[in-house]
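Structure at a glance
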Amino acid sequence: MARKQVVLRREEILDATVAQINQRGIGTTRVADVASALGVSSGLLHYHFATKELLIEAAFSHAAQREMDSLRRIVTRSGSALTRLKALLRLYLPTGQAPDWRLWIDGWAAGMRDTGLQDVMRAMDEQWKSSLTTLIQEGVDNDEFHCADPRTATWRITVFLDGLAVPLVARRGVLQKSEAAQWVREHVAAQLGIEAEALAPRRAPARESAGS
């Protein structure tokens, strides 16, 4: 691959780093792997990030910001709290196909040894919980949800979803996604005092037959 004789944008480097981590994992991703994917020398990346650890932390912060942007768009859009909650759950739910969940699982594990990365992961988790708590409180105020403590409900919901990430993402095939999705609806509904069916995906209207 020909080397690029250009100054890379920071975002371009971080996108490539996230892609390499998703493919290889944090432990085996090297600065040289990212440089090769970009078609540049490792020295150019070290110009921007002195160490691999700083590059990894910046890449996770970059990925977390993209997720927070998606979260913010959902929470601040118009519509009922229930409708926005369903969209938020679709974003958060570990489906077994979402690369970001593999990234976050890897990040939490690596964060046990890297305090900088742990700080990034903790900040993202706190933003998720804060946004969900705000949304649940809005639903309670509008009489859409019925729970005494939105913060407690948020913790119970997110801990449940985090727990599902292990069998769905790290141990694919041990749990059916449809079954997990039903459990999520039942669990969230129980925390919010609503019917599980209210969280079910909207069914497409049946098409009329040609002869009708």
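These remarks concern the structure in this document. (Residues numbered from 1 in each chain as written. Predicted model: local features only at pLDDT ≥ 70, side-chain atom pairs only at ≥ 80, totals over all residues. Heavy atoms only, no water.)

Turning next to the overall build of the protein. When helices and strands are counted, the protein shows 9 helices and 0 strands. Listing every helix and strand of the protein by position from the N terminus yields α-α-α-α-α-α-α-α-α. Summarising the internal contacts of the protein: among those between residues at least 6 apart in sequence, 65% fall at separations of at least 24. Entry remark: accessible area of the protein is about 12000 Å², with carbon and sulfur atoms responsible for 52%. (Helix = DSSP H or I, 4+ residues; strand = E, 2+ residues; numbered from the N terminus. Contact = heavy atoms within 4.5 Å. Areas by Shrake-Rupley, 256 points an atom, 1.4 Å probe, with all protein chains shown as cover.)

In total, this model carries 8 salt bridges according to the counting rule given. A salt bridge links Arg 72 to Asp 69, with the shortest nitrogen-to-oxygen separation between them at 2.9 Å. Remark: Asp 69 and Arg 72 occur in helix α4 (residues 52-76); sequence separation between them is 3 residues, near one turn of the helix. Three or more residues are tied together by salt bridges with common partners; here these are Arg 24, Arg 30 and Asp 33. (Salt bridge = Lys/Arg side-chain N within 4 Å of Asp/Glu carboxyl O.)

Taken as a whole and assessed by the stated rule, the structure comprises 3 aromatic pairs. Measuring from centroid to centroid gives 5.9 Å for Phe 60 and Trp 104, while their planes differ by 55 degrees, and the two rings are tilted. Within this pair, whereas Phe 60 is found in helix α4, its partner Trp 104 is found in helix α6 (residues 99-111), the two being separated by 44 residues in sequence. Each ring, one from Tyr 92 and one from Trp 128, has its centre 4.5 Å from the other, and the planes form 85 degrees; the classification is edge-to-face. Taken together, the residues span a long stretch of sequence, with Tyr 92 in helix α5 (residues 81-92) and Trp 128 in helix α7 (residues 115-141) at a distance of 36 residues. Above the plane of the ring of Trp 155 lies Lys 129, whose end atom (NZ or CZ) is 4.4 Å from the centre. (Phe/Tyr/Trp six-rings, centres within 6.5 Å; stacked < 30°, edge-to-face > 60°. Lys NZ or Arg CZ within 6 Å of the ring centre and 35° of its normal.)

The next point concerns helix α9 (residues 177-192). Taking 1.5 Å as the rise per residue, α9 with 16 residues should run 22 Å; its terminal C-alpha atoms sit 22 Å apart, in good agreement. Among the residues of α9, those classed as buried are Ala 180, Ala 181, Val 184, Arg 185, His 187, Val 188, Ala 189, Gln 191 and Leu 192. Tucked into the core, α9 has its buried residues touching α5, α7 and α8 (150-170). Immediately downstream of α9, the backbone of Gly 193 shows phi near 70 degrees, a positive value. (Expected span 1.5 Å × (residues − 1). Buried < 20%, exposed > 50% of the residue type's maximum accessible area, 1.4 Å probe, protein only.)

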